[in-house]
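Here is how the chains run, residue by residue.
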Amino acid sequence: MSSILSVALAEPAFAGSEDPEPAPACVTMHESWRYTDAANDCASTVGVRVVYRDGATGLCYSLPPGVTRTVGEGYLGQHGHPDHLAACEVS
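Residues numbered from 1 in each chain as written. Predicted model: local features only at pLDDT ≥ 70, side-chain atom pairs only at ≥ 80, totals over all residues. Heavy atoms only, no water.

Asks: Report on the state of the cysteines, specifying residues and quantitative values.
Replies: Here a disulfide denotes a covalent bond joining the sulfur atom of one cysteine to the sulfur atom of another. The full count for this structure, using the stated rule, is two disulfides. Disulfide partner of C26: C42, at an S-S distance of 1.8 Å. Every disulfide takes its handedness from the sign of the S-S torsion; for C26 and C42 that torsion is 90°, giving right-handed. With C26 in the loop between α1 (2-16) and β1 (27-31) and C42 in the loop between β2 (35-40) and β3 (46-52), this pair connects stretches of sequence that are 16 residues apart. Exposure remark for C26: the relative accessible area of 28% places this residue in the partly exposed category. The connectivity of the disulfides in the protein is 1-2, 3-4, where the numbers refer to bonded cysteines in sequence order. (Disulfide = S-S within 2.5 Å. Helix = DSSP H or I, 4+ residues; strand = E, 2+ residues; numbered from the N terminus. Buried < 20%, exposed > 50% of the residue type's maximum accessible area, 1.4 Å probe, protein only.)

Asks: Outline the sheet that holds β3, listing residues and values.
Replies: Taken in spatial order, the three strands make up an open sheet running β4-β3-β6, and their pairing is antiparallel. The sheet terminates laterally at β4 (61-63) and β6 (82-87), the two strands that pair on one side only. On average, each strand axis in the sheet is tilted by 40° relative to the strand beside it, whichever way the strands run. Here five bridges tie β3 to β6, and the two strands are oriented antiparallel to one another. Pairing of V51 across the sheet is with H84, part of β6. (Pairing = 2+ DSSP bridges. Axes fitted to C-alpha atoms, helices over the stretch in contact; angles between N-to-C directions.)

Okay, structure coming up:
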């Protein structure tokens, strides 16, 4: 039983330690006290998520070309300042 528990506890730590691929350079991030917004200046739709300085990641959002939208909390949120945007697969 204890070996099953240790494997179950180890798996989330491993999954959280993976570095997500950064979003393309044509996607920019703007941070305010309340929200984090992303703007897509790419030629195609991209999936992006916020990676916060504490290592937490936000939800994955589809961002069509030319669109700006809120993609996460601002720096007064649960995770503090966002660090960067990461690419993700929108499901």
